[in-house]
Amino acid sequence: MRGSVGVGRLLMAGMLVWGAAGCSSVVEGAAEPASGQEGLFDPCKDIPDSVLEEVGLDPATEEVDIAGVEQPGWRICSWTGTWFFVSVLSNRYTQIEVTRNPDYAEFVEMTIGDRAGIRFQRGSDAAADGCYVAFAATQGSVWVNVEAKAGVTHQESACELVADVAEHLDGNLPR
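What comes next is a walk through the structure. (Residues numbered from 1 in each chain as written. Predicted model: local features only at pLDDT ≥ 70, side-chain atom pairs only at ≥ 80, totals over all residues. Heavy atoms only, no water.)

## Side note on the state of the cysteines
Heads up, the rule is: Whenever a pair of cysteine sulfur atoms sits within 2.5 Å, that pair is classed as a disulfide. In this description a helix means any DSSP run of H or I spanning at least four residues, a strand means any run of E spanning at least two, and both kinds are numbered starting from the N terminus. A simple rule labels every residue: compare its accessible area, found with a 1.4 Å probe on the protein chains alone, to the largest value its type can have, and call it buried under 20%, exposed over 50%, or partly exposed in between.
Counted by the stated rule, this structure contains two disulfides. At a sulfur-sulfur separation of 2.0 Å, the disulfide partner of Cys44 is Cys77. A torsion of 110° about the S-S bond marks the disulfide between Cys44 and Cys77 as right-handed. In this pair, Cys44 is assigned in helix α2 (residues 43–46) and Cys77 in strand β2 (residues 74–80), connecting sequence segments 33 residues apart. The exposure class of Cys44 is buried, given its relative accessible area of 14%. Of the residues examined, Cys77 reaches a relative accessible area of 0% and is grouped as buried. In this model Cys131 forms its disulfide with Cys159; the gap between the sulfur atoms is 2.1 Å. Disulfide Cys131-Cys159: the torsion about the S-S bond is 90°, which places it as right-handed. Taken together, the positions of Cys131 in strand β6 (residues 130–137) and Cys159 in helix α5 (residues 158–169) put the pair 28 residues apart, joining distant regions of the chain.

If you want it as structure tokens, here you go:
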């Protein structure tokens, strides 16, 4: 009798697992961003390929987020040029918050077109391989970032190039 109780429990457990597996269902529709991306400018969708090509970027190299992984509170899109990468980062941070971030340094106020911006670098970037320009936007800010490819000769400084790229992109960035 003891053996049949064990077999009965095993059969019952099997039926529960089988029953639970049959309870799945398919949900229709698109997934909603769960990371605070709602209402942020989407650089991948809102910057035309023709504008990217004007600054030497290949639209076919578009990368969404960071290696395809969504970053909470950000919309990020990147493209590849000859010796550099360009990223446009959309977020809710104000320019004041950017300047207070201890990860960044070398802040320079600048005007690009008719727009005030802040140029800065990562504090840990002693080689100055990367540079940012942040513009204020109603959502917070939009950053343009240039990073030099490793092992490739720089044709100009990353900070000179980011100003040129930001000027070309400005008409497609939110205010």
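## What to know about the pairing of strand β3 (residues 84–91)
Filter applied, for reference: Strands pair, by our definition, only if DSSP identifies at least two bridges between them.
When you tally the buried positions in β3, you get seven out of eight residues, the bulk of the element. One ladder, built from seven bridges, connects β2 with β3; its direction is antiparallel. Following the sheet pairing, Thr80 is matched in β3 by Phe85. In this structure, the hairpin formed by β2 and β3 is closed by a connection of three residues.

## So, the pairing of strand β7 (residues 140–148)
Most of β7 sits inside the fold, with nine of its nine residues counted as buried. Pairing of β3 with β7, which is carried by eight bridges, proceeds in the antiparallel orientation. Its bridge partner being in β7, Ser87 is matched across the sheet by Asn145. Where β6 folds back on β7, the antiparallel hairpin that results is connected by two residues.

## Quick notes on the side chain of Asp42
Quick note on the threshold: Definition of a polar contact: a pair of N or O atoms within 3.5 Å, with one able to donate and the other able to accept a hydrogen when the atoms are protein atoms, and with sequence-neighbouring residues admitted only if both atoms are side-chain atoms.
Structurally, Asp42 is set in the loop between α1 (2–21) and α2. A polar atom in the side chain of Asp42 sits 3.1 Å from the backbone nitrogen of Cys44.

## Observations regarding the pattern of salt bridges
Test applied: When a carboxyl oxygen of Asp or Glu is within 4 Å of a side-chain nitrogen of Lys or Arg, the pair counts as a salt bridge.
Applying the stated rule across the entire model yields six salt bridges. Where Arg175 meets Asp114, a salt bridge forms, and the shortest distance between an N and an O atom there is 3.1 Å. Separated by 61 residues along the polypeptide, Arg175 in the segment after α5 and Asp114 in the loop between β4 (104–112) and β5 (115–122) bring together distant segments of the chain. Looking at Arg175, the relative accessible area reads 47%, which means it is partly exposed. Of the charged contacts in the structure, one is a salt bridge between Arg175 and Asp170, with a shortest N-O distance of 3.1 Å.

## Let's talk about the packing of aromatic side chains
Applicable threshold: For this analysis, a ring pair means two rings from Phe, Tyr or Trp (six-membered ring only for Trp) whose centres lie within 6.5 Å, classed as stacked if their planes differ by under 30 degrees, edge-to-face if by over 60, and tilted for the remaining angles. Sitting over a ring, as applied to charges here, requires NZ of Lys or CZ of Arg to be within 6 Å of the ring centre and within 35 degrees of the ring normal.
One pass over the full model with this rule turns up 10 aromatic pairs. Judged by centre distance (5.7 Å) and plane angle (70°), the rings of Tyr104 and Tyr132 are edge-to-face. Note that Tyr104 is positioned in strand β4 and Tyr132 in strand β6, a separation of 28 residues in sequence. Judged on exposure class, the residue Tyr104 and its partner Tyr132 are both buried. Grouping aromatic residues by their ring pairs yields a cluster made of Trp74, Tyr93, Tyr104, Phe107, Phe120, Tyr132 and Trp143. Geometry around Phe85 places Lys149 over its ring, the cationic atom sitting 5.7 Å from the centre.

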